[in-house]
Amino acid sequence: MVQKRISVLMTLLLSVSLVLGGCGSSSDQTKESATAGVMEEGVPTSGTLGKKQTGSGNTQDGKPAKADPEKSSEESPSGGRDNKPVVLVPEASGETVYEKELAVMDASHLEDGYVMVKYLGQGKKVKLQVETPEGVTYTYTKGEGYEVFPLTGGDGDYKISVWEQRPSKGDYLNVFNQTVSAKIDNEFSPYLYPNQYVNFSPDSKTVALGAELVTGAADDLEAVERIFTYITENITYDMDKAKNVQSGYVPVVDEILDSGTGICFDYAAVMATMLRTQRIPTRLEIGYAGDVYHAWISTHIDGVGWVNGIIQFDGSEWQLMDPTFAANSSSSALKDFISEGDNYQVKYLY
């Protein structure tokens, strides 16, 4: 049996420069946006999540699996960590529904840290906003059908609103408002389910490859190391895409694997997909280092907690930092090491 390494602090950090959905922007652009998109008629753009899928994320009774990050520490019969993927599947199950003329929200699974909203009108441009209990507003571009929106502000009241653009004036008209009170059973749920930036389904090739890559890994840290090594050695940075990426761009993880190229946002989405479906809670954090817009990923290890600093992207290359340094440094020290601390500001969590 492989001996478990003890007292190793693991977190995943991608210090990523985003070009408004790609890699890099200054602080005067969309500072209050919850997305990596540019401002469009005063509302920042974002991506969307596909419709509910079924498959390996379901339990034997056909119900969606629940978030349980403690399973990540379970051993397989061969002695390593269990690499069987668990894909949590959001659903609009209809137990708690709020409906108005132009939008409907299914809030049946607030305890799992998400709501699902469907726009019913004919507008070409529609925005959705989620205001957290702390008053932080996340703005998304609304697509077709039911879509999943995470509740990353913890327990409390969330204000959900839908806005439809009036073509004649270019502004947005509010067509839906609803406040819901969430008590999230598992604080890690929002960082194990798919969302608009980390979009995957049970039949995703990225999920299957992640399971293959970590086969026989002794623990979560080794699983992260394997995933990091594969992605950085098999996906090349696409400079042209970074320069020309459109507002509202959202990675499609299987397409990134097929193409073998991507921008920093793509690297982050692929890594997070593999880690989440290996039961390792992973959150995408967006904020500023100085006047540069960055995204990074933090990963939680049971018994250790969230700490930033093992994997970073400095704008030109990826680096796997010494895990011993992370294990023996405070979160603030790691932030100082990466971005001089005072300029490092987390604004949004996904």
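Worth saying up front: this structure is predicted, and the values here are computed from it rather than measured. (Residues numbered from 1 in each chain as written. Predicted model: local features only at pLDDT ≥ 70, side-chain atom pairs only at ≥ 80, totals over all residues. Heavy atoms only, no water.)

## Description of the overall build of the protein
(1) Moving on: Along the protein, the regular secondary structure elements total seven helices and 19 strands.
(2) Moving on: The buried share of the protein, taken over its 350 residues, is 54%.
(3) Moving on: Within the protein, residue pairs in contact and separated by at least 24 positions form 69% of the contacts whose partners lie at least 6 positions apart.
(4) Moving on: Surface exposure of the protein reaches about 14,800 Å², of which carbon and sulfur atoms provide 46%. (Helix = DSSP H or I, 4+ residues; strand = E, 2+ residues; numbered from the N terminus. Buried < 20%, exposed > 50% of the residue type's maximum accessible area, 1.4 Å probe, protein only. Contact = heavy atoms within 4.5 Å. Areas by Shrake-Rupley, 256 points an atom, 1.4 Å probe, with all protein chains shown as cover.)

## A few points about the sheet that holds strand β10 (residues 156-165)
(1) Moving on: Spatial strand order, β8-β7-β10-β11: four strands in an open sheet with antiparallel pairing. Pairing within the sheet leaves two strands with one partner each, and these edge strands are β8 (137-141) and β11 (172-182). Recorded for the sheet is a direction-independent mean angle of 20° between the axes of neighbouring strands.
(2) Moving on: In the sheet, strand β7 (residues 126-131) pairs with β8 via five bridges, with the strands oriented antiparallel. Across the sheet, Q129 pairs through a bridge with T139, a residue of β8. (Pairing = 2+ DSSP bridges. Axes fitted to C-alpha atoms, helices over the stretch in contact; angles between N-to-C directions.)

## A look at the environment of R283
(1) Moving on: Structurally, R283 can be placed in strand β14 (residues 282-289).
(2) Moving on: Residue R283 is classed as buried on the basis of its relative accessible area, which comes to 17%.
(3) Moving on: Between the C-alpha atoms of R283 and I297, which are 14 residues apart in sequence, the distance is 5.6 Å.
(4) Moving on: Not counting residues within four places of it along the chain, the set of residues in contact with R283 comprises Y191, R276, W296, I297, S298, W306, L349 and Y350.

## Some thoughts on the packing of helix α2 (residues 220-234) against helix α5 (residues 264-276)
(1) Moving on: Their axes nearest at 10 Å, the elements α2 and α5 cross at an angle of 145°. Relative to α5, α2 is oriented so that their crossing is right-handed. Here V224, I227, F228, I231 and T232 of α2 lie close against α5, whose contacting residues are Y267, V270, M271, M274 and L275.
(2) Moving on: Partitioned by chemical class, the residues of the contact of α2 with α5 number nine nonpolar, one polar and no charged. (Left-handed = near helix turned anticlockwise from the far one by under 90°. Nonpolar A, V, L, I, M, F, W, Y, C, P; charged D, E, K, R; others polar.)

## A look at the confidence of the model for the protein
(1) Moving on: This prediction gives the protein a mean pLDDT of 74; 64% of its residues lie at or above 70.
(2) Moving on: Here residues 320-335 is a poorly scored stretch, pLDDT under 50, and it has 33 contacts once near neighbours within four places are set aside; other chains count.
(3) Moving on: Taken as a whole, residues 337-343 scores under 50 in pLDDT and shows 15 contacts with residues more than four places along the chain or in a different chain. (pLDDT = per-residue confidence, 0-100.)

## A closer look at helix α1 (residues 205-213)
(1) Moving on: Along α1, the positions that sit buried rather than exposed are T206, V207, L209, G210, A211 and L213.
(2) Moving on: Of the surrounding elements, those touching the buried residues of α1 are α2, α4 (253-259) and α5.
(3) Moving on: At the N-terminal end of α1, a side-chain oxygen is found 3.1 Å from the backbone nitrogen of T206, two or three residues along, and the residue is S204. (Polar contact = N/O pair within 3.5 Å; in protein donor to acceptor, adjacent residues only side chain to side chain.)

## So, the packing of aromatic side chains
(1) Moving on: Taken as a whole and judged by the stated rule, the model has five aromatic pairs.
(2) Moving on: Ring centres of Y138 and Y350 lie 5.5 Å apart, and the angle between their planes is 80°; this geometry places the pair in the edge-to-face category. Residue Y138 is found in strand β8, and its partner Y350 is found in the segment after β19 (344-349); the two are separated by 212 residues along the sequence.
(3) Moving on: Exposure remark for Y138: the relative accessible area of 5% places this residue in the buried category.
(4) Moving on: Put simply, the rings of Y138, Y197, Y348 and Y350 pair up and form one aromatic cluster.
(5) Moving on: Lying over the aromatic face of F176, K100 brings its terminal NZ or CZ to 5.6 Å of the ring centre. (Phe/Tyr/Trp six-rings, centres within 6.5 Å; stacked < 30°, edge-to-face > 60°. Lys NZ or Arg CZ within 6 Å of the ring centre and 35° of its normal.)

## As for the packing of α1 against α5
(1) Moving on: One way to put it is that α1 packs onto α5 with a least axis distance of 8 Å and a crossing angle of 65°. It follows from the interaxial angle that α1 and α5 lie roughly perpendicular. Note that α1 runs across α5; the crossing there is right-handed. On α5, the residues that touch T206, V207, L209, G210 and L213 of α1 are V270, T273 and M274.
(2) Moving on: For the contact of α1 with α5, a count of residues per class yields five nonpolar, three polar and no charged. (Parallel < 35°, antiparallel > 145°, perpendicular 65-115°, else oblique.)

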